[in-house]
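One letter stands for each residue in the lines below.
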Amino acid sequence: MNLESAMKIAINQARFTSKASGDVPVGAVVLNPKGELIGIGSNRRELISDPVGHAEIVAIKSAARALGSWRLDGCTLVVTLEPCPMCAGAISQSRISRLIFGAWDEKAGAVGSTMDILRDPRAIYKVEVISDLMGQECAALLRDFFANEVRKSN
């Protein structure tokens, strides 16, 4: 599977779960070294009252179950939004080799916006990072969601 196809799956996952649960629309998929989909996730904090129910964590856990191992060496995580510090830590701890993300998170992003956990020279495990894949479409998901939230509160 190519990266754009993987991102489209992540975007659709974000849209679907957000509409169903009211969670912030973030989706993620994990591809094995052959490019096959082995994990999928979306934000589920509201849906299951889980403070660590971020899309990346859900997708990483799904991939680990599929492989029968916590080590995701050679795998690629594709996510619609720049990961936060918690998710960046999980990416590193799971040994994911490559991260691809869509939209930047200027408030809480930890892979280049507010800090860069994955490319910090002190990091033990290095992760290749590619940003801005379908970034405008991913950012539009979030803009639309938060615009609707503001309208609901008025």
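Residues numbered from 1 in each chain as written. Predicted model: local features only at pLDDT ≥ 70, side-chain atom pairs only at ≥ 80, totals over all residues. Heavy atoms only, no water.

Enquirer: Looking at this structure, I do not really get the pattern of salt bridges. What am I missing?
Expert: Pairing is possible between side chains that carry opposite charge, provided their charged atoms lie close to one another. A full pass over the atoms with the stated rule returns four salt bridges. Residues Asp116 and Arg119 are paired through a salt bridge, measuring 2.8 Å at the closest nitrogen-oxygen approach. The class of Arg119 is partly exposed, set by a relative accessible area of 39%. Close ionic contact of Asp120 with Arg122 constitutes a salt bridge, the shortest N to O distance being 2.6 Å. A relative accessible area of 18% means that Asp120 is categorised as buried. The exposed category is assigned to Arg122, whose relative accessible area is 72%. (Salt bridge = Lys/Arg side-chain N within 4 Å of Asp/Glu carboxyl O. Buried < 20%, exposed > 50% of the residue type's maximum accessible area, 1.4 Å probe, protein only.)

Enquirer: Hey, could you run me through a nonpolar patch on the surface in this one?
Expert: On the surface, Met1, Leu37 and Ile40 cluster together to form a nonpolar patch covering roughly 240 Å² of accessible area. Within the element layout of this structure, Leu37 appears in strand β2 (residues 37-42). (Patch = residues over 30% accessible without salt bridge, like charges linked within 9 Å, V, L, I, M, F, W, Y side chains within 5 Å. Areas by Shrake-Rupley, 256 points an atom, 1.4 Å probe, with all protein chains shown as cover. Helix = DSSP H or I, 4+ residues; strand = E, 2+ residues; numbered from the N terminus.)

Enquirer: Honestly, the side chain of Ser62 in this entry has me stumped. Any pointers?
Expert: Here Ser62 lies in helix α3 (residues 55-67). If we skip the residues at most four places from it in the chain, Ser62 touches Ile38, Gly39 and Ile40. (Contact = heavy atoms within 4.5 Å.)

Enquirer: What am I meant to see in the environment of Ser97 here?
Expert: Inspection of the secondary structure puts Ser97 in the loop between α4 (85-93) and β4 (98-103). Between the C-alpha atom of Ser97 and that of Cys75, which follows or precedes it by 22 residues, the distance is 5.6 Å. Excluding residues that lie within four positions of it along the chain, Ser97 makes contacts with Leu72, Asp73, Gly74, Cys75, Tyr125, Val127 and Glu128. There is a polar contact of 2.7 Å between the side chain of Ser97 and the backbone nitrogen of Gly74. (Polar contact = N/O pair within 3.5 Å; in protein donor to acceptor, adjacent residues only side chain to side chain.)

Enquirer: Just checking my understanding: could you explain the sheet that holds β2 for this structure?
Expert: Hydrogen bonding along the main chain pairs the strands of a sheet, whether they run parallel or antiparallel. Spatial strand order, β2-β1-β3-β4-β5: five strands in an open sheet with mixed pairing. Two strands in the sheet have a free side with no partner beyond their single neighbour: β2 and β5 (128-130). Each strand of the sheet is rotated relative to its neighbour by a mean of 15°, with strand direction disregarded. For β4 and β5, the ladder comprises three bridges, and the chain directions are parallel. Paired with Ile100 across the bridge in β5 is Ile130. On top of the sheet, helix α1 (residues 3-21) reaches β1 (27-31), β2, β3 (76-81) and β4; it is set at about 50° to β3, its chief contact. (Pairing = 2+ DSSP bridges. Axes fitted to C-alpha atoms, helices over the stretch in contact; angles between N-to-C directions.)

Coordinates in, geometry out; function isn't part of it.
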